[in-house]
Amino acid sequence: MGRQRPGTPTLEEVAARAGVGRGTVSRVINNAAGVRDSTRRAVQRAIAELGYVPNLAARSLAGHRADAVALVMTEPDWRLFGEPFFTEIVHAVGDALTDTPVQLLLTLVLTDTERQRFVEYARGGRVDGVLLMSVHAEDPLPDMLAKAGLPTVMLGRRSGEESVTYVDADNAGGARGAVTYLLEAGRSTIGAISGPLDMYVAQCRLRGYHDALESAGVAARSSLVVEGTDFTEESGHRAMTELLDRHPDLDAVFAASDTMAAGALHALRAAGRRVPQDVAVIGFDDFHPARRTDPPLTTVRQPLEEIGRTMVRLLQEEMEDTPVAWRQVILRTELVIRDSA
């Protein structure tokens with residue numbers, strides 16, 4: 001167990017350099033208790049000087065940590081990985097792990113075969129835990145990971161009830177606040193561009209739209225809602241064009257993401273509609289590009305950095321302890337007013 005490649009430093013060489021026994025080096029590597037600070041520093045100095053890399057396969061067999069977590073994306077359309085949501089979440093999770101020894105592995109799992117392969121890979125001790133994002137309603141991967149006993153934290157939810165720990169934003173509340181703002185500003189014919197409704201996040205944001213109308217005593221009309229095929233700019237452009245065809249008198253629109261809202265702005269400009277004079281537009285997310293649209297986008301800010309930090313914290317806790325319950329964290333959103341509404 002633990003053969004080294006020719007020319008690489010060995011555990012014994014580290015021990016000799018530090019003037020300690022092999023067992024002491026192992027305890028330092030595994031961050032075990034019972035090692036004096038001066039000895040620990042001597043071993044760490046020897047490791048750095050020799051460039052020693054612990055044999056992680058051997059550590060795994062011995063029941064130690066792999067010092068790696070997998071961030072798993074399950075979105076079937078590869079184009080979506082260029083969207084701001086994915087890049088900002090990856091950045092937030094990476095930042096949360098910066099001061100830890102944990103390596104972040106980015107993994108795409110798109111088919112049943114890939115799901116099974118990933119579960120087997122994770123069960124083999126190659127990762128200590130799993131972060132899941134962009135999970136659709138019928139995706140079995142969270143249940144497969146739970147059955148395998150793998151610490152898992154999901155971004156968002158598949159439904160209202162989950163047997164897995166998750167972190168989410170208050171999607172319904174954020175959407176409700178945005179549409180209420182439009183109503184209070186005197187807008188009367190408010191359209192909605194939803195995300196794909198096989199995702200719970202899209203269902204929640206659409207529910208917030210309907211809740212705001214109901215609270216204001218405004219009758220909901222199905223013709224004022226267009227479901228986007230995804231959360232992209234192209235999807236928002238198509239949906240906005242369809243809404244204008246159905247309701248030329250439209251004076252506001254709530255889009256379920258900033259990228260969809262950006263597509264809606266392009267469609268409105270192409271149709272000769274002024275924003276916000278003719279049609280007010282609100283998005284959701286508050287990505288950096290929202291500040292650079294023309295006009296700058298009013299949007300619902302979800303705290304992506306805090307979401308990333310919370311996901312990492314909960315996963316670390318699940319890796320350290322055996323939790324007695326699933327933890328479900330909902331973070332607040334904030335309406336950010338800019339020129340589009």
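Note that residues are indexed from 1 along each chain, following the sequence as it is written. Residues qualify for local features only when their pLDDT is at least 70, as the model is predicted, and side-chain atom pairs are given and counted only at 80 or more; totals for whole chains, interfaces and linings, by contrast, use all residues. With hydrogens and water set aside, each side-chain value is computed from the structure's full complement of heavy atoms.

S.K.: Tell me about the overall build of the chain, and name the residues and values.
M.R.: Scanning the chain from terminus to terminus reveals 12 helices and 12 strands. Counting only contacts in the chain whose residues sit at least 6 apart along the sequence, the fraction spanning at least 24 positions is 72%. Per-residue accessibility takes into account occlusion by the displayed protein chains alone, with areas from the Shrake-Rupley method and a 1.4 Å probe. Carbon together with sulfur atoms contributes 49% to the accessible area of the chain, which is approximately 16400 Å² in total. Helix and strand labels come from DSSP, where a helix needs a run of H or I of at least four residues and a strand needs a run of E of at least two; each type is numbered from the N terminus. Note on contacts: a residue pair is in contact if any heavy atoms of the two residues lie within 4.5 Å.

S.K.: Give a detailed account of helix H3 (residues 37-50), specifying residues and quantitative values.
M.R.: A helix is expected to reach a length of 1.5 Å times the quantity of its residues less one. The end-to-end C-alpha distance of H3 is 20 Å, a good match for the 20 Å that 14 residues give at a rise of 1.5 Å each. Along H3, the positions that sit buried rather than exposed are Thr-39, Arg-40, Ala-42, Val-43, Ala-46 and Ile-47. Along H3, the residues classed as buried sweep out an arc of 160° about the axis, all on the same side. Structural note: H3 exposes Asp-37 and Ala-48 on the side pointing more than 90 degrees away from its buried face. Any residue under 20% of the maximum accessible area for its type is buried, any over 50% is exposed, and the rest in between are partly exposed; the area is computed with a 1.4 Å probe on protein chains only. The directions from the helix axis to the C-beta atoms form the arc being described.

S.K.: So what about the side chain of Ser-340? Which residues, and what values?
M.R.: Position of Ser-340 relative to the elements: it lies in the segment after strand S12 (334-336). Take Ser-340: its relative accessible area is 0%, and that puts it in the buried class. Of note is the side chain of Ser-340, whose polar atom sits 2.6 Å from the backbone oxygen of Val-281. Those residues in contact with Ser-340, other than ones at most four positions away along the chain, are Val-275, Pro-276, Val-279, Ala-280, Val-281, Pro-295, Pro-296, Leu-297 and Thr-298. Distance and chemistry together define a polar contact, namely a pair of N or O atoms within 3.5 Å, with one atom able to donate a hydrogen and the other to accept it when in protein, and with adjacent residues in sequence counting only for side-chain atoms on both sides.

S.K.: Residues and numbers for the environment of Ala-137, please.
M.R.: Structurally, the position occupied by Ala-137 is in the loop between strand S3 (129-133) and helix H7 (141-147). Spatially, the C-alpha atom of Ala-137 lies 5.4 Å from that of Asp-198, the residues being 61 residues apart in sequence. When neighbours within four sequence positions are excluded, Ala-137 is seen to be in contact with Arg-158 and Asp-198.

S.K.: Describe the sheet that holds strand S10 (residues 298-301), listing the residues and the values that go with them.
M.R.: What the six strands build is an open sheet, ordered S7-S6-S8-S9-S10-S12; its pairing is mixed. The open sheet has two edge strands, strand S7 (225-227) and S12, and neither has a second partner. In this sheet, neighbouring strand axes are inclined to one another by 20° on average, regardless of whether the strands run parallel or antiparallel. Axes, fitted as lines to C-alpha atoms, cover a helix only where it is in contact. Angles between the N-to-C directions of the axes lie from 0 to 180 degrees. Each of strand S6 (190-194), strand S8 (252-255), strand S9 (280-285), S10 and S12 touches helix H8 (residues 171-184); the most contacted strand, S9, lies at about 165° to it. Set on the sheet, helix H9 (residues 200-215) makes contact with S6, S7, S8 and S9; between it and S6 the angle comes to about 170°. Any two strands between which DSSP finds at least two bridges are classified as paired.

S.K.: An account of the nonpolar core is requested, with residue identities and associated values reported.
M.R.: Soluble globular proteins tend to pack their nonpolar side chains together in the buried interior. Nonpolar cores were defined as sets of buried Ala, Val, Leu, Ile, Met, Phe, Trp, Tyr and Cys residues, with membership established by side-chain atoms within 4.5 Å. Counting residues in hydrophobic clusters, the biggest one holds 44 residues, and the most contacted among them are Val-179, Ile-193, Tyr-209, Met-240 and Val-281. Those elements that place two or more of their residues in this core are H8, S6, H9, S7, helix H10 (233-246), S8, helix H11 (258-270) and S9. The dominant element in this core, judged by the number of residues it contributes, is H11, at six residues. Excluding anything up to four places from it in sequence, Ile-193 contacts Val-226, Gly-236, Ala-239, Met-240, Leu-243, Val-253, Phe-254, Ala-255, Ala-256, Met-260 and Ala-264.

S.K.: Tell me about the sheet that holds strand S5 (residues 165-169), and name the residues and values.
M.R.: Pairing within the open sheet is parallel, and its six strands lie in the order S2-S1-S3-S4-S5-S11. In this open sheet, the two strands that pair with only one neighbour each are strand S2 (103-108) and strand S11 (328-331). Between one strand axis and the next, the sheet turns through 20° on average, direction left out of account. Here four bridges tie S5 to S11, and the two strands are oriented parallel to one another. When the sheet's bridge partners are listed, Tyr-166 is paired in S11 with Gln-328.

S.K.: Mind laying out the packing of aromatic side chains, listing which residues take part and the relevant values?
M.R.: When the centres of two rings from Phe, Tyr and Trp lie within 6.5 Å, Trp using its six-membered ring, the rings pair. Their planes under 30 degrees apart give stacked, over 60 give edge-to-face, and anything left gives tilted. Taken as a whole and assessed by the stated rule, the structure comprises two aromatic pairs. With a centroid separation of 5.6 Å and an interplanar angle of 80°, the aromatic rings of Phe-85 and Phe-86 are classed as edge-to-face. The buried category is assigned to Phe-86, whose relative accessible area is 6%. For Arg-205, the ring lying beneath its charged end belongs to Phe-284, and the centroid distance is 3.7 Å. Whether a charge sits over a ring depends on NZ of Lys or CZ of Arg being within 6 Å of the ring centre and within 35 degrees of the ring normal.

S.K.: Lay out the pattern of salt bridges with the relevant residues and their values.
M.R.: Salt bridges, as used here, are contacts in which a Lys or Arg side-chain nitrogen is within 4 Å of a carboxyl oxygen on Asp or Glu. Enumeration over the complete set of coordinates arrives at 20 salt bridges. Here Arg-327 and Glu-318 are joined by a salt bridge, their closest N and O atoms 3.4 Å apart. Residue classification places Arg-327 among the partly exposed residues on the basis of a relative accessible area of 25%. One network of salt bridges, in which partners are shared, links Asp-286, Arg-291, Arg-301, Glu-334 and Arg-338.

So, to be careful, I would describe these as geometric facts and stop short of saying anything about function.
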